[in-house]
Amino acid sequence: MDRDTDVNVLGMDPQEVQEWVESFNEVVREEGQESAINLLDRLRAHAQSLGIALPFTANTPYLNTISAEKQAIFPGDQEIERRIKSLVRWNALAMVVRANRVDHSIGGHISTYASAATLFEVGFNHFFRGRTEEFEGDTVYLQGHASPGVYSRAFLEGRLSMKQLENFRRELREGGGLSSYPHPWLMPDFWEYPTVSMGLSPLMAIYQARFNRYLEDRSLKPRTDAKVWAFLGDGETDEPETLGAITLASRENLDNIIFVINCNLQRLDGPVRGNGKIVQELEAAFRGAGWNCIKVLWGSDWDPLFERDTEGLLAKRLGEMVDGETQKLSVESGAYVREHVFGADPRLLKMVEDLPDEALRTMRQGGHDPRKVYAAYKAASDHKGSPTVILARTIKGYGLGESGEGRNITHQQKKLNEEELREFRSRFGIPISDEQLAETPFYLPPEDSREIQYLRARRQALGGYVPSRKVRSKPLVADHDALFREFHTGSEGREVSTTMAFVGMLRQMLRDPEIGKVVVPIVPDEARTFGMESLFRQVGIYSSRGQLYEPVDVHTLLYYKEAKDGQILEEGITEAGSMASFIAAGSAYATHGINTIPFFIYYSMFGLQRISDFIWAAADMRCRGFMLGGTAGRTTLAGEGLQHQDGNSHILALPIPTMRAYDPAFAYEIAVIIQDGIRRMYKNGENIFYYITVMNEPYAMPAMPAGVEDGILKGMYKFRASEMKKPKLRAQLFGSGAILRETLKAQEILGEKYGVSADVWSVTSYKALYTDGIDAERWNLLHSGEKPRLPYVTQCLADADGVLVAASDYLKALPNLISRWTPRRLASLGTDGFGRSESRAALRDFFEVDARFITLATLYELFREGKIESAVVQKAVKDLEINLDKPNPLFS
């Protein structure tokens, strides 16, 4: 009888059940699997027609997906690979233990790699292909907490020194050290992808796999069988990003991606699903999403038992045990296993009566069996038509003995005592004497040893070492002056928004002979909001299937055009997914040797505020490209209200070291910034990226004044000087973005009504000014005997008389960043508080950033300096119709 059959549940005569089963077996033998599947479909449909409600399940039995008789033959030398794996385990453990003896606060993780060692080693020895001149190689996202194991293997490969291992998590020590986790910024020749902010790498991996297909479909790279491997933990799947894009992978038929989920049943504090079964939960989620699911649950030790399980009793028993029970088996005796697993049924006890308790205790999980893991990887690599997930059962802290193996505290384990080290050494056969154990030395076999020779030969056969990062793209040649020149001349009175100006530049870039093909527009379902629909016809929206339907607007000029070679990545309503595409495109210069230039435009409120962790990862990865915060500004996006109006993003851009943030007011400012950004990133090879806010408020764009390019890029320049002759009262007004126009209106009011000569400065980047200021301060601190350096803002204002007033569409904290380097007090106006659904004029009055409040702030500063009487300020309040009783926008 089949192992799934339980006659007690069926309530039928066993002989009759056996006849049905044998009949079905005959169909499989004579007609094949496809006919058997069709027969089951017919029976299911017939049952429904009889009114029988069939229970739904997306699960298969709690068994290995690949049976013993169907698993691929392991091609390697299993004994020598076991030796290599043991050495990697030892050196990984020694690295963490030694580091924490020097400084107990240094941290590090032993248990994750201990559980994942076989999953990693089978990949390194047989599957992960390196990048060569002829082949792009596989992309591998390695589980971040397992980094000690990756370092340990690189040490055996000869890529890392013993000194570096000694300086694990001590990056500033002499001789260099190793970063705690995968960080390309810190180890740019080694790590490719940051993976330790859990949940990010699975989503990034899916969009990377899709981007690889995008490049192929657009003939930017050859079509290959390169894979994207993503290793993650079962606890990590609780992060919403982990499973958030799995339907994209199946929808796009991404058979180039393989998830390997290390199901050790434990997260940091305890069981992932103590009262459930995480493997079955994940299988249902992935199978329901259309993934090919391979379960690797039981090692080869279990195969004879499953062979004996002709009634399906063992499969049923294993399937009904919750994970809390299963986890406990790894820390208990063989007698406990016999009683609690097999003692549930006399027939199960009979099945293991010839096995001693010790054999029951040491039966391996599938994720610790190289033959089972190899078979799963081989099946996943050969699978066509859909993505694959491998659910591998392991034990957290495997090999750490009673102090850590399978226990809830194992994630935090950093130290082992001498007895625990001795047990670990003996279990894995490490050639270190008892006398040496106390020092926990690293072990490196001789160069001519079989282990080293085998390890290096396998990597050579697979194309080189992994992970390894190398920049292979060639720099751009042209300066693109002609491309941007037309945007320097202004709009000749025609009103356009800065968003529309940018779209015009994007249209021109897409036509450029050098960069046109590598520009990657990315938008999360807001292209029409940003006026980008004209690009639908020009370059098309990317779809791996082309366009299988006629769009409803096909007879219009700007219809929705999808194409297999489309250039726009229209991602749907997902800023996280769009950012993952930006990361894939922004790192293609290293991953693929292709200088793709991403332009990711989105509602600015839903960028840095929503997906900052992804943006931080992009910086860590040395990404290049442009992020455009559309409909920006707290008072410039009228009508949308509290959730949409952005007054925060330029503050949130401050912590990201490689992000250059700009808030331009005019088309020519945007043109200068983008042209310089392309030069810096793609010609000079700087590892930076740009955040530029663009607005939807239309107004006439002026021509670019002469000689302001340097000021635009450095963060500020004088846009319009006062024309008053011999004034008694002076002021310097700083404006940014759309609020610059309010500053210009205030300049006129101050001159005409109050006799104040005010110069207006366009502040394009407070972050640039702040960065320059703190850099100058640091230099001065370290070079007190030399002539001090002056921050750029100080230089600009050296000869600028008068009070200083700044207004922006962002928090007051933004202009306050530079106040320490201004020659006098800086009065700041900004949009602190929640937004409102209103007109622009009403919003600017509410947040006190319009021309009237800029005027009032200027007069108040003049009063504070004793230049005018308070009566002038009080009269201005009446003249400007300012409501003294209006609520404070910060609190209302």
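The structure under discussion appears in the preceding block.
Just so you know, these numbers come straight off a predicted model, no measurement behind them. (Residues numbered from 1 in each chain as written. Predicted model: local features only at pLDDT ≥ 70, side-chain atom pairs only at ≥ 80, totals over all residues. Heavy atoms only, no water.)

## Some remarks on the packing of helix 4 (residues 78-102) against helix 5 (residues 111-126)
(1) Moving on: At a minimum axis separation of 10 Å, helix 4 and helix 5 run at an interaxial angle of 130 degrees. By the criterion of interaxial angle, the relationship of helix 4 to helix 5 is oblique. Seen along the crossing, helix 4 lies across helix 5 with a hand that is right-handed. Here Glu81, Ile84, Lys85, Val88, Arg89 and Ala92 of helix 4 come into contact with helix 5, specifically with Tyr113, Ala114, Ala117, Thr118, Glu121, Asn125 and His126. (Axes fitted to C-alpha atoms, helices over the stretch in contact; angles between N-to-C directions. Helix = DSSP H or I, 4+ residues; strand = E, 2+ residues; numbered from the N terminus. Parallel < 35°, antiparallel > 145°, perpendicular 65-115°, else oblique. Left-handed = near helix turned anticlockwise from the far one by under 90°. Contact = heavy atoms within 4.5 Å.)

## Here's the deal with the pattern of salt bridges
(1) Moving on: Under the criterion given, the structure shown has 55 salt bridges.
(2) Moving on: Linking Arg223 and Asp217 is a salt bridge whose minimum nitrogen-to-oxygen distance equals 2.6 Å.
(3) Moving on: Notably, a salt bridge pairs Glu311 with Arg347, separated by 3.3 Å at the nearest N-O pair. Linking Glu311 in the loop between helix 12 (303-308) and helix 13 (313-320) with Arg347 in helix 16 (residues 346-351), this pair joins segments that are 36 residues apart in sequence.
(4) Moving on: We classify Glu311 as partly exposed; its relative accessible area is 29%.
(5) Moving on: Note on Arg347: relative accessible area 34%, which makes it partly exposed. (Salt bridge = Lys/Arg side-chain N within 4 Å of Asp/Glu carboxyl O. Buried < 20%, exposed > 50% of the residue type's maximum accessible area, 1.4 Å probe, protein only.)

## A closer look at the nonpolar core
(1) Moving on: Within the largest apolar cluster, 176 residues are counted, with the highest numbers of intra-cluster contacts made by Met509 and Ile674.
(2) Moving on: Non-local contacts of Met509, meaning those with residues more than four positions away in its chain, are made with Leu483, Phe484, Ile515, Gly516, Val519, Phe599, Ile674 and Ile678.
(3) Moving on: In terms of nonpolar packing, the next biggest core, distinct from the first, is built from 67 residues, Ala154, Phe168, Ala376 and Phe428 among them. (Core = buried A, V, L, I, M, F, W, Y, C linked by side-chain atoms within 4.5 Å.)

## Quick notes on the sheet that holds strand 10 (residues 569-570)
(1) Moving on: Within the open sheet, the six strands sit side by side as 10-7-11-12-14-13. Their pairing is parallel. Pairing within the sheet leaves two strands with one partner each, and these edge strands are strand 10 and strand 13 (659-662).
(2) Moving on: Here strand 12 (residues 626-630) runs beside strand 14 (residues 689-693); their pairing, made up of four bridges, is parallel. Across the sheet, Phe626 pairs through a bridge with Tyr690, a residue of strand 14. (Pairing = 2+ DSSP bridges.)

## Concerning the state of the cysteines
(1) Moving on: Inspection of the entire model under this criterion finds zero disulfides.
(2) Moving on: Free cysteine Cys293: the closest other cysteine sulfur is in Cys263, separated by 9.1 Å.
(3) Moving on: Relative accessible area serves as the criterion here: at 10%, Cys293 is assigned to the buried category. (Disulfide = S-S within 2.5 Å.)

## Here's the deal with the sheet that holds strand 3 (residues 257-263)
In a beta sheet, neighbouring strands pair by backbone hydrogen bonds and run either parallel or antiparallel.
(1) Moving on: One open sheet accounts for five strands, arranged 1-2-3-5-4; its pairing is parallel. The sheet terminates laterally at strand 1 (139-141) and strand 4 (292-296), the two strands that pair on one side only. The average undirected angle you get between the axes of adjacent strands in this sheet is 15 degrees.
(2) Moving on: The strands touched by helix 5 within the sheet are strand 2 (228-233), strand 3 and strand 5 (388-393), with strand 3 carrying the most contacts at an inclination of about 140 degrees.

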